[in-house]
Amino acid sequence: MGIELITLLIVASLLGLMALGVPLGITTLTVSLATAILYFGTRAGFFIVAANVGEVLHKYELIAVPFFVFMANVLERSGIARSLFDSMAIMGGRFRGSVAVQTCVVAVVLAAMSGIMGGEIVMLGLIALPQMLRLGYDRKLSIGIICAAGALATLIPPSVVLIVYGLAAQVSITKLFAASALPGLMLASLFIAYILVRVRLNPGLAPIFDIPETGLPLFRRMKFLKGVILPGLLIGAVLGVIYSGIATVTEAAAIGAVGALVVAAARKELTWVMARDAMRQTVLTVGSIIWLVLGAVSLIGIYNRIGGGEFLRGTLNALDIAPILVIVVMMLIVMVLGTFLEWIAIIFITVPIFAPVVVDLGFDPVWFGVLFAMNIQIYYLSPPFGPACFFLKSVAPKGIELQEIFAAVLPFIALQAVGLFLVLFFPEIALWLPGLFE
Amino acid sequence: EIFTIQTSFNAGDFSTQYLTETWLPKIAEMTEGRVEIQLTPNGSVVPARETPDAVAAGVLDGDFTSVNYFAGLEPAYAIMGDLISGYDTPEQMLAFCKDGGGEAVMQKAADAVTGGEVHVIACGPYSREALPARVPIRTFEDLAGKKIRSPEGLAAAVFKAAGASPLSIPFSEVYGALEKGIVDAADASAYVNNDATGLHDVAPYPLYPGIHSMPSMQFTLNTEKWDSLSEADQTALRDWWYEAMFAMAAEVTKKDTELAARDTAGEKIEVIDWAQADRDKLRKVARQQWEDYARKSDLAKEALDAHIAYMTEIGLFGN
Amino acid sequence: MKRLLAGYAASMNRISVFIGQSCSMLLFACILVSAFEVVMRYGFDRPTVWSTELAMTLCASAWVLSVGYVTERHRHISITMIEMLVSPKLWRVLRLIQMLIATGAVLVLTMALWGPAMKVLRRIETSGTALNSIQPSYFKLLLTAGCILYILQLAANIIHWAQDSEGDVAGGH
Ligand code: NA
Ligand code: NA
C-alpha cells in the first residue's frame, strides 16, 4: 500500500475516533498501535511504540508544565488573579477591549519566561479566561486570544522548538532567537489589531467595565494599580532569575511556583487547604495532559519508518516551480502534517529533507527556521490535532467544549497564516534583527 | 537491499551531509548495487538509547550511533564509548577498534544487552569534541571550581577528580545555560558543529583541540540480515565504514582546524589550545577514574584492559 | 455478582483517588527539589548531581500514577460534539464504546510495554550519568504500572456505566 493511502487512512481513522468522542490520547495511541502492528508485526511494532512512548518521561523540559499549572492554580485560588484583572480593567478605563489587549501583552511577557507550549496556555486558561468571562468578554474571542497568544511561548525566545530546529538543521540558535523575536511581536500585534477591529464593529464582544472607577481620569486610576504589584513582582522575579543566569528556564518555573505561594502568603491567603487543593487540581490537569502527549509521540517513529520522509522527498523533487513557491509548498506540507503529527515528529520528517533544499535554493536557513516556528504556531491551534486547544480544554471552566475552542481559534489561525506569509515574502522582518549583530 | 540505519547525527550535521553525499553512493558501488544504506537522523525512529533493542527487534536494520548512549545498559559501553582524555586522535582509536581488539569487546557488549541478535560490524570515533567555555580555562589548574555541563558518568567523574563541578543540564538548556552563565563550560560537539549552532557566540573561549571527549560510534546490523549477506559484501561493508570514518575524521579535523584558525585570527573568539603538559596531567587524573569505572562490570574491565594494552603498544603512556 | 462488581468499582475509585491525591505531594516535592538545586548552585556554588534526575522521577511518577484519579474524575480530554447530535440513548452506547476502545488500546500498550519492563527486571538499566540512577528501569516499570492502573479504573468506570451509578461525566469518558 502506498504511503499516500496510509497517510489518508491514518488521518481518517484519527478523525473518526475523535468524532466518536474517544479521548484524544487514546485516539492517537490506537491509530499508532494499529499501524505499527499491521506494518511491522507485533514484536517490532510493540517495540517502536513502547520506545517512543517511554521517551516522553525522559523529556526534562516537560516538568515545567506542572510548575506553571501549580503557579496558576495558586494565583487563581488566592484571589490574586481576580484583583489583577480588576486592576487591569480599571486601568484600561473606558477603552473598549482593553482587558483583551492587556491579556495579549501579558502573554508576550509570559512567553519570554517559557520555552515550551502548554504551560503558558494553561496558566492563561486558569487565570485570564474566567476573569475575561466575568468581565463580560465574548467567550470565543477570549478563548481564541488565550490559545493564540499563549502559543507565542515557542516563537518568542526562549523556545524549545527553535532549539530543536537549530540542532536538527545545524543553524545558529542565537540567530534563530534574534530572528523570531520580531515575528513573535508582529503576531501579537496582529492579534491586538484584530481584537480592536472586532470590538469596534461589535461592541457587545467587549463590554466596558461599568463601575465609577473606570470613568476617573488616568492619574486618579493609578492607585488601582496595586492589584498588579504582586503578580508583577512575581513575573519580574521569574524573568530576573532567567535573564541574570541564576536558573534555567525550567528551574525558573519552579521558582515561580514557590513564588506564587509566597505571594499568596503575603496576601494572608495561604492556607494548607488552599495549597493542597491547588496541588490536586494540578495533578488532574497534568495527568490528563500527559496522556495526550504519550499518544501524540507514539506515531513519531512509525510514520518515518513507513516512508513518510521518502514520500516528501519525492514530492519536492517532482516540483518544477519558482524557488519561493517551493518554500510555499514546504510550508503547506508542514501545515498538513501539523493536523495529525506531533511537532517533534514534524521536525524529524521534514528538516532532513527541507533544510538542504532551502540552502541549495539560496535561502537563509535562519529565515526558514522562523517560518517553521511560525508554522508550528498554526499547528498548535489547527484541528483536529491542535495541542493548544487540548491544553486549554484541560483547565477551561465547565461547559466550554473542545469544539467551541476549535471554532474560536479559527480567525486566529488565519492571522497566524497572514503573519507567516508576511515573513515569507518580507524576509527582513525576521532577518533584520540578527543582521544587526553581524 | 536497502538497509535503514539510524544514526546519532542530526539531520543538518556536517557528518550527515558528508556521508550522504560522498560515502553512501560508494557502498552501492562496492557491492555492485546489492547493498544500499539509508541513514535516518538521531531519534527519528526510536530514541538513541533504544537502538540496540530496535535493531534486535527488526525495527531498524542497523545503527550508526554514539555508543555512550548505552552506558546505562552495560558499563563497558562507557569505556568503549568515550574514554575521557584517552586517545590523542580519532585515528588511534579507530585503529584500536579495527585491529586492536575493539570490535570483539563491542560484540560482547552487544550480546550482553541483546540476545545475540545484533552484529557489530565496526566501531570507532571520527572527531575529538571541542569544549566550549564562556570563561578562559587555559591550564589544568584552571579547571578547579569551574561548573561544567557533563552529563555522562565517566566525563563527570574525570572533571570532578580534576577539581571542577560537573552538572547534568539537559542538552536543550545548554545554550541558555552558557549564555547566562549558569555553567562555565559545556560538553557539546565537534568544533564545526558548535560553530554552526552558534555556541561560540555565547561561549567565546572554546578549548580546541578538545581535552576530554572523543565519542566512539558503532556500526551494527541485525544478525539475521548480516548473515544473509555474502562474505564479499560483509567485507565490503566493514571496509566501507572504516574508509568513511577515516576520511571523515580527516575532513572534520580539517574543518575544525580551519574554523579555529579563522576564529583565532578574529576578535570575538579566543581559541584555547592546552599545552601537552596540561593534557598529560588530565590524562593521569583520568586514568584513575577509568580504573574506578571499570570496576562496574567484568566486561568494562575487559574493555579497559584492551584499551590500555593498545595505548601502551602505540606509546601513549610512553614516559 | 452485581454487588461484587459494585464493590470492586467503589474500592477502585477510592484507590485511584488516594493514589492521585498522593501524587500531588510528589509534584510538590518536585518543585522543591528544582528550587533547591538553584539555591545550592547559585547560593553555595555546589550543584548537586541528583536534582535533575530526582525532579524528573518525582514528576514522572505523579504524571503516570495520577491516571486512575484522572479517569475516575472523567478528566481525559475528548471532543464531545457528537453528544449534541445524537439521542441521549445513543450517546450512552457511544460512551461504552469509547471506554471499550480505551481499554483495548491501553491493554495493547501494556502488552507493548511489558517486554521492555520485564527486560529491565532481568538486567537493570541505569541512566549512565554521574548519578547513574536506575531511572530508565524505573520509568519502564512505572509506565507499565500506570497502564494497568488505567485499565483497572476503566473497568470500574464500565461497571458504573452498566449499573447506572456514574457521577458527573461531563469531562470525558
Ligand atoms: Na518563549
Ligand atoms: Na494542528
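Since we're looking at a predicted model, the values are computed, not measured. (Residues numbered from 1 in each chain as written. Chains lettered and ligands numbered in written order. Predicted model: local features only at pLDDT ≥ 70, side-chain atom pairs only at ≥ 80, totals over all residues. Heavy atoms only, no water.)

## Quick word on unusual backbone geometry
The bulk of non-glycine residues show a negative phi, and the bulk of peptide bonds are trans. Here is the rule we go by: Only DSSP runs of H or I with at least four residues qualify as helices, and only runs of E with at least two residues qualify as strands; both kinds are numbered from the N terminus onward. Type-normalised accessible area, obtained with a 1.4 Å probe on protein chains alone, sets the label of each residue: buried when under 20%, exposed when over 50%, and partly exposed for intermediate values.
A cis geometry characterises the amide bond from A:Pro157 onward to A:Pro158, with omega recorded as -5°. Summarising the element assignment, A:Pro158 is placed in the loop between α7 (139-150) and α8 (160-169). Of note, the bond from A:Pro383 into A:Pro384 is cis; its omega dihedral lies within 30 degrees of zero at 0°. By the element assignment, A:Pro384 lies in the loop between α18 (365-381) and α19 (387-393). Residue B:Ser85 is not a glycine yet carries a positive backbone phi of 60°. On the secondary structure map, B:Ser85 appears in the loop between α3 (76-81) and α4 (90-99). With a relative accessible area of 5%, B:Ser85 lands in the buried category. The residue C:His74 is not glycine, and still its phi comes out positive at about 55°.

## Some words on the interface of chain A and chain C
We count it as follows: Note on definitions: a residue-residue contact is assigned when non-hydrogen atoms from the two residues lie within 4.5 Å. Summed over both partners, the accessible area lost on bringing two parts together, with a 1.4 Å probe, is the buried area. For this document, the term salt bridge refers to a Lys or Arg side-chain nitrogen within 4 Å of an Asp or Glu carboxyl oxygen. Polar contacts here mean pairs of N or O atoms no more than 3.5 Å apart (in protein, one a potential hydrogen donor and the other a potential acceptor; neighbouring residues in sequence count only if both atoms are side-chain atoms). Here the nonpolar group is Ala, Val, Leu, Ile, Met, Phe, Trp, Tyr, Cys and Pro; Asp, Glu, Lys and Arg are the charged ones; every other residue, Gly included, is treated as polar.
With 60 residues of chain A at the interface, the matching set in chain C holds 59 residues. For the pair chain A and chain C, the summed buried area comes to about 5300 Å², and 77% of that belongs to carbon and sulfur atoms. Broken down residue by residue, the surface that chain A buries against chain C is led by A:Leu57, A:Leu284 and A:Trp291, which jointly contribute 14%. In this structure, the connection of chain A to chain C is made through one salt bridge. Seen at the junction of chain A and chain C, the total is six residue pairs in polar contact (both at pLDDT 80 or more). Of all the secondary-structure elements, those providing two or more residues to the side of chain A that touches chain C are α1 (3-20), α2 (24-55), α3 (64-77), α12 (249-266), α13 (272-297), α19 and α20 (402-425) of chain A. For the side of chain A that touches chain C, the element with the most residues is α13(A), which contributes 15 residues. When its residues are assigned to classes, the side of chain A that touches chain C shows 41 nonpolar, 13 polar and six charged.

## Details of the interface of chain C and chain B
If you look at the interface, chain C gives 16 residues, while chain B gives 21 residues. Interface area for chain C against chain B, summed over the two sides, is near 1500 Å², with a carbon-plus-sulfur share of 45%. Considering only the surface of chain C that becomes buried against chain B, C:Arg41, C:Lys119 and C:Arg123 emerge as the three largest contributors, covering 31% of it. If you look at where chain C meets chain B, you find four salt bridges. Inspection of the chain C/chain B interface yields nine residue pairs in polar contact (both at pLDDT 80 or more). Residues that form the side of chain C that touches chain B fall into these classes: four nonpolar, six polar and six charged.

## Focus: the sheet that holds strand β6 (residues 165-167) of chain B
Cut-off, in case you're wondering: For two strands to pair, DSSP has to find at least two bridges joining them.
Strand order across the open sheet formed by three strands is β6-β5-β7 (chain B), with parallel pairing between neighbours. Strand pairing shows two members of the sheet lacking a second neighbour, β6 and β7 (185-186) of chain B, which therefore form its edges.

## Thoughts on the confidence of the model for chain A
Quick note on the threshold: Think of pLDDT as the predictor's per-residue confidence, scored from 0 to 100.
In the predicted model, chain A carries a mean pLDDT of 85, and the fraction of residues at 70 or more is 97%. Mean pLDDT across the elements of chain A ranges from a minimum in helix α10 (residues 218-221) of chain A, with 69, to a maximum in α20(A), with 93.

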